[in-house]
Amino acid sequence: PGQLQQALAAGAELVVTDSNKLRAQRWSSLRENYGYVQQVGVKPLATDPNDNPLPLFPGQSTDSQTVDQLAGTGEHTDIASVRATDYGNTVTYAPADRPGGALDDDVTTAWRVGAFTNPVGARLQVALKKSVTTGQIALTQPITGSRNRWITQATLRFDGGRPVTVNLDDSSRTAAGQVVHFPTRTFRTLDISVAATSAGVQPDYSGYSAVGLANVSIGAPGAVTPTDEVLRLPTDLLTASGPSSINHQLVLQLSRDRADPAEPFKADTERQLGREFTLPTARTFSVSGTARVSALAPDPTVDAALGRSTNAAVVRANSSGRLPGDLGATASSAFDGNPATFWSPGAQGQLGNWLQVTSPTPVTFSSMNLSVVNDGRHSVPTRLGLVVDGKKVRELTVPPVTDVSRQNATTTVHLAFPAVHGSNVRLVIDAVRDVKTKDSISGLMNDLPVGIAEAGIDGLRVPAATRSVPAGCRTNLLTIDGKPIGVRISGTTTAATNRGGLTATLCGAPVRLSAGPHVLRAAPGSKTGIDLDRLTLGSDAGGGPAAVTASGDVVDASAATPATRAAAAAVPTVSVVKSGDTSYTLKVAGATVGSPFRLVLGESLSAGWRATVGSKSLGAPQLVDGYANGWSVTPAASSFTVHVVWTPQRVVWGALALSAVAIPVAVLVEFLTWPARRRRRQRRRGEDPDPASTDAAATGATGAVTAVPAAADLPRLESWRTTGRPATLRLTLVITVAAALLAGILITPRWAPVVGMMALVALRWPRWRLLLRIGGALALAVSAAYVLEVVARYHLPTSGDWVGAFHKVSSVSWLAIILVAVDVAVAFALRRSASVPPLAPGPAPVEPREPADSGTTRTESDTD
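Scope of this entry: the structure provided in the associated data block. Just so you know, these numbers come straight off a predicted model, no measurement behind them. (Residues numbered from 1 in each chain as written. Predicted model: local features only at pLDDT ≥ 70, side-chain atom pairs only at ≥ 80, totals over all residues. Heavy atoms only, no water.)

## Observations regarding the side chain of arginine 521
Short version of the rule: In DSSP terms, a helix is any run of H or I states spanning at least four residues, a strand is any run of E spanning at least two, and both are numbered starting from the N terminus. Each polar contact in these results corresponds to two N or O atoms within 3.5 Å; when the atoms are within protein, one needs to be able to donate a hydrogen and the other to accept it, and residues that are neighboring in sequence are counted only if both atoms are side-chain atoms. Contacts are residue-level and defined by heavy atoms, with any inter-residue pair within 4.5 Å sufficient.
Counting through the fold element by element, arginine 521 comes out in strand 31 (residues 516-522). A polar contact is formed between the side chain of arginine 521 and the side chain of aspartate 228, at a distance of 2.9 Å. Aside from chain neighbours lying at most four places away, what touches arginine 521 is Glu75, Asp228, Val230, Leu273, Leu477, Leu478 and Thr479.

Take a look at the structure:
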C-alpha cells in the first residue's frame, strides 16, 4: 500500500488487465497448462492433485484476479454455478471443454470429459438460484469436434436424492437434443453423471474422443435462463485509488483467450470477449484494439469480411466446411480462376463434403475442367455427385490422377456429361483415393483432405476480393452496457487472409461511462466474421479520452508533456564497460548532479545483487518493471562508474575451494587407512589375517584358552513371530488412531476400522503381529499379480496413461504400503515397551574352580 500511494503521488498511469485469472494450473507439459476461469468460492466437484497454481502476487486475493461472473451485473441468469468432476483430458487442460459450455444455450460449445480414458462416473452439477418444478430436461451431446464415442446412459440426481438412470438415443446427438421425462419434482441442484458409453469397457482408451453435453435445458423451453461467461476484472487497484483516480491516465487492457485455429484438437477458450469492470468515477474513453477475420465463420461471411462481394447480383460460393484456420481455402478458391488457390475441407472423413456456387441467373453447361491437388499430401476425389438446384442429376467419374512430388501440385481433367441447367450447382465428394497420416495424439490413421483448385464451369466465377478489408463503421461488433459501439476495421486483405491483426478503432464519439459497474461484450466472430481479439479503453488524466495511434495503441499522455520530454532528455546514458556471469561494470555519463534517476538491471529482482559507486552502496535493489532490479541513484558527478555484483557467488566460490581441498584429503585418508579397515573386516567375518597374533591372543600369556566373540555387528533376520510385553497404552492409542486415519485417507473410510483393529491387536498381543506381516505381503502379491495379468492379457502399450490401467487394484497397493508402515511402528512401540533391553553377545560363562587344597584331582579335560 505504501508503494502504491508513492506511485500515485508521482503521477503514475493506472492499467487494469485481465491476465491474472483465477484458474487451475498444471506443470505437466510445455503448453495448455491453464484451466478455465473459475467463480469465486466455487470449487470443482473433485480435487485435481495436478492443480498447483503459482500465485502471481504474494498474498493475492480474488480482488486482484480476473474471475468468472456467469453473467454481468444487471444481466439475468437463473444459474448460480456449474461444476464438474473433470473436463478435457488427463494430460493437459482443455478450458474450452469447461462445464459452463453445457449451460450457455450454444450447441457449438460443450462440457467434454474423458478423452483417452474411461469417462464413466464423470459428473456435471448445475446449481440454480431458485427451485424449479418440472418433469423433463433436454440433453444435447456434442455435435462438433472429434466424436467417435458418446454417452448411452446417464444418471440424474435431484438435490442429491435417489438416482434416475435414462438411456440416450440418437436424438441426443442432434442440435434439438433428446427430451428426457421423469416424475415431476421440485429441485434446486441437478447432477448428471456418465453411466455408460458406446465404447463400453476397453483395455485401452487411446484414440477415443471425449464425451459430454453441449446443452442442458431444464424444464420447458425458457423455464431456466441460460448463462454466459462474463469475466470480472481485478478491483483492487481502482478501489485503492478511489476518486483520486480521475487525476491519472486509466487504461483497461482486454484480451480474448483464443487458440490457433490451425490446430483442430484445440478450441477457443472464449468465443467472444465478455468483461465487467467498475469505475470509481465517471470518465470518457477511446476504444481501439486488434481484430481478425474469424476462422469459425462460414464461407460467405469470410468472403464478405475479406471484401469479396456476396450480394445476390454476383456469383457466390459456399461449402460444407474448410481446412481449420485456412481462410484461403474457402469455396471461392475453386471458382476464382486462380489454380494456385484451392478449396480444402477439414481432415478425417472426406465423403459427403461439398462445395457449391450460386449464380444470379441460370446457366447451362455440359462440361467442367476440374483441377485437383495431387501432391501426395492430399486425398484425390474419384467420383463426384453433381447436384443442380437441390436435385442430384449426375455421377461424375474422375479419371485416374497420378501424384507428383511438388507441394500443392495440381492436375486438370476434363469432365463431359449431358447438359444440365440451373442456378445453384453443388459438387459432392462421393468417393476418394485416400491419402492417410498418423495422428500424433490419438495414434489413429486419418484421411488427409482433398484439394479442388478449380471447378471450371463457364459463366460461374466469383468476383475478386478488394485489396483492403471493408472499412465501414460497424455497430454489430461491440456493445457496452447493451448499447452498440461503432467500430471501424482497417487493414489489407492479404493480412486478413493470413489471420494477421487488423486495426480496430472507434468510428463514433468517445464512450462516456458513469461511475459504477459496466459490462462490455463483443459479438462472436462466427456470426459477424470479425473477432475482436484485443481491446484497449483509454482515458487521460482529468477524465477525457486518450489519444490513439494509427496502429490502435493508446498514447501515454505523460510522454507528450514538455516536462516529461525535458526529463527524458536529461536521463543519463549507461554503457557496459565489462560484463561477466556474475558482475557488471557500468559507465554512467551525462548525469545531472543532484537529479535522481533509476538504474535498471535486466535481471530478476533479488537481494543478492549489490550495486556500488566507489565504496558507497546504492542500497537494496527495488522492483522495477514488475520483475527487475533497480536502484535509485542521486549522482554526485556527471560521470561515474557503477559496479554490480551477484554476491551469493562468493559462497559458491568458497564452497568450490573447500571441495577442491576436501577431495584430495579424502582420497589420501582413504588410501592410508585402507589396510587397517581391511583387517577389521576380516576379523568381523571370522577370518585370520595374522595366525601368529591370533593364536597368541587366544591362548593368552598363561596358556589359558579364551573364547573369541561372535561377529555381533552382523545383521540378523527377525523372527516372523514376536513375543514380549505389550506396548504402552499411550503408544497403543497413538499408533492405532494414526493407522486408522491413514487407511481412511489413502484407501477408503471403510478400511479405517480394519487397519486400526489390526494395529491394536498387534500392539496389545505381540504374537499377533504376524497378521500385519502376512497381510502386507499378501496385498503386495495380489497387486503385483493383477498388474502382470492385465499386461499379459491386453498387451498394454507403454504411454503416459499406463499406470491408469490398474486403478482397480490401487486400494490393495495402498493397503500393502500401510500395513508395512504400521508393522514398523508396532516394532518401534514394542521395543520401547520392553523392560529389559536385548542381551549383548559376550564371552561364555566360566564355572568356578574348587579350592586347590580340596584333595580332588581334576584333569584339563574335566575342566573343559
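## Quick look at the sheet that holds strand 27 (residues 483-484)
Two orientations exist for strands paired in a sheet by backbone hydrogen bonds: parallel and antiparallel. Heads up, the condition is: Strand pairing is assigned whenever DSSP detects at least two bridges linking the two strands.
Strand order in this open sheet of six strands is 4-13-15-31-26-27, and the pairing throughout is mixed. The open sheet terminates on both sides in strands that have one partner only, identified here as strand 4 (67-68) and strand 27. Across six bridges, strand 15 (residues 274-279) lies against strand 31 in antiparallel orientation. What sits directly across from arginine 275, in strand 31, is leucine 520.

## Overview of the nonpolar core
As a reminder of what qualifies: Among buried residues, the Ala, Val, Leu, Ile, Met, Phe, Trp, Tyr and Cys ones that are joined through side-chain atoms within 4.5 Å form a nonpolar core. For the exposure calls, accessible area comes from a 1.4 Å probe over protein chains only, and a residue counts as buried if that area is under 20% of its type's maximum, exposed if over 50%, partly exposed in between.
In terms of nonpolar packing, the biggest core is built from 39 residues, with Val293, Ile489, Leu532 and Leu537 touching the most fellow members. Ignoring any residue separated from it by four or fewer positions in sequence, one finds valine 293 in contact with Val302, Ala305, Leu306, Leu327, Ala496, Arg499, Leu502, Gly529 and Ile530. Counting 37 residues, the second largest nonpolar core, distinct from the first, contains Tyr36, Ile137, Ile192 and Ile218.

## Some thoughts on the packing of aromatic side chains
Worth spelling out the cut-off: Classification of ring pairs rests on two measures: the distance between centres of Phe, Tyr or Trp rings, Trp counted by its six-membered ring, which must be within 6.5 Å, and the angle between planes, read as stacked under 30 degrees, edge-to-face over 60 and tilted in between. We call a charge positioned over a ring when the NZ of a Lys or the CZ of an Arg lies within 6 Å of the ring centre and within 35 degrees of the ring normal.
Within this structure, the stated rule accounts for eight aromatic pairs. Plain terms: the ring middles of phenylalanine 158 and phenylalanine 187 are 4.8 Å apart, the flat faces sit at 55° to each other, and that makes the pair tilted. With phenylalanine 158 in strand 8 (residues 151-158) and phenylalanine 187 in strand 10 (residues 178-197), this residue pair connects regions lying 29 residues apart in the sequence. Like phenylalanine 158, the residue phenylalanine 187 is buried in the burial classification. Each ring, one from tryptophan 609 and one from tryptophan 646, has its centre 5.4 Å from the other, and the planes form 55°; the classification is tilted. In this pair, tryptophan 609 sits in strand 36 (residues 609-613) while tryptophan 646 sits in strand 40 (residues 640-646), placing the two residues 37 residues apart along the sequence. Take tryptophan 609: its relative accessible area is 7%, and that puts it in the buried class. Every member of this aromatic cluster is reached through a ring pair, and the members are Tyr36, Tyr87 and Tyr93. Of note, arginine 26 hangs over the ring of tyrosine 93, and the distance from its end group to the ring centre comes to 4.0 Å. If you follow arginine 426 out to its NZ or CZ, it ends over the ring of tryptophan 354, 3.6 Å from the centre.

## Remarks on a nonpolar patch on the surface
Worth spelling out the cut-off: Only residues whose relative accessible area exceeds 30% and that take part in no salt bridge are eligible for patches, with like-charged residues grouped when within 9 Å of each other and nonpolar side chains (Val, Leu, Ile, Met, Phe, Trp, Tyr) grouped when within 5 Å. Accessible areas in this description were obtained via Shrake-Rupley with a 1.4 Å probe; residue shielding takes into account the shown protein chains only. Just to be clear on terms, a salt bridge is a Lys or Arg side-chain nitrogen sitting within 4 Å of an Asp or Glu carboxyl oxygen.
Taken together, the side chains of Leu733, Val737, Leu741, Leu742, Ile745, Leu746, Trp814 and Ile817 define a hydrophobic patch exposed on the protein surface, amounting to about 760 Å² of accessible area. Looking at the nonpolar patch, the elements that each hand over two or more residues are helix 9 (729-746) and helix 12 (810-833). Topologically, isoleucine 745 is positioned in helix 9.

## As for the pattern of salt bridges
By the definition in use, this model includes 28 salt bridges. The shortest N-O distance in the salt bridge between arginine 292 and aspartate 533 comes to 2.9 Å. Residue arginine 292 is located in strand 16 (residues 283-293), and its partner aspartate 533 is located in strand 32 (residues 530-539); the two are separated by 241 residues in the primary sequence. Accessibility expressed as a relative area gives 17% for arginine 292, which makes it buried. On the basis of relative accessible area, aspartate 533 is assigned to the buried category, the value being 0%. Between aspartate 553 and arginine 534 there is a salt bridge, with its nearest N and O atoms 3.8 Å apart. Of the two residues, aspartate 553 sits in the loop between strand 32 and helix 6 (562-569) while arginine 534 sits in strand 32, which places them 19 residues apart along the sequence. The class for aspartate 553 is partly exposed, based on a relative accessible area of 37%. Taken together, the salt bridges that share partners define one network made up of Arg256, Arg258, Asp268, Arg292, Asp531 and Asp533.

## A word on helix 11 (residues 770-794)
Threshold: Under the convention used throughout, the expected extent of a helix is 1.5 Å for every residue step, that is, one less than its residue count.
Spanning 25 residues, helix 11 covers 36 Å between terminal C-alpha atoms, matching the ideal 36 Å at 1.5 Å per step. Buried residues in helix 11 make contact with helix 10 (752-764) and helix 12. After helix 11 finishes, the residue histidine 795 shows a positive phi value of roughly 50°.

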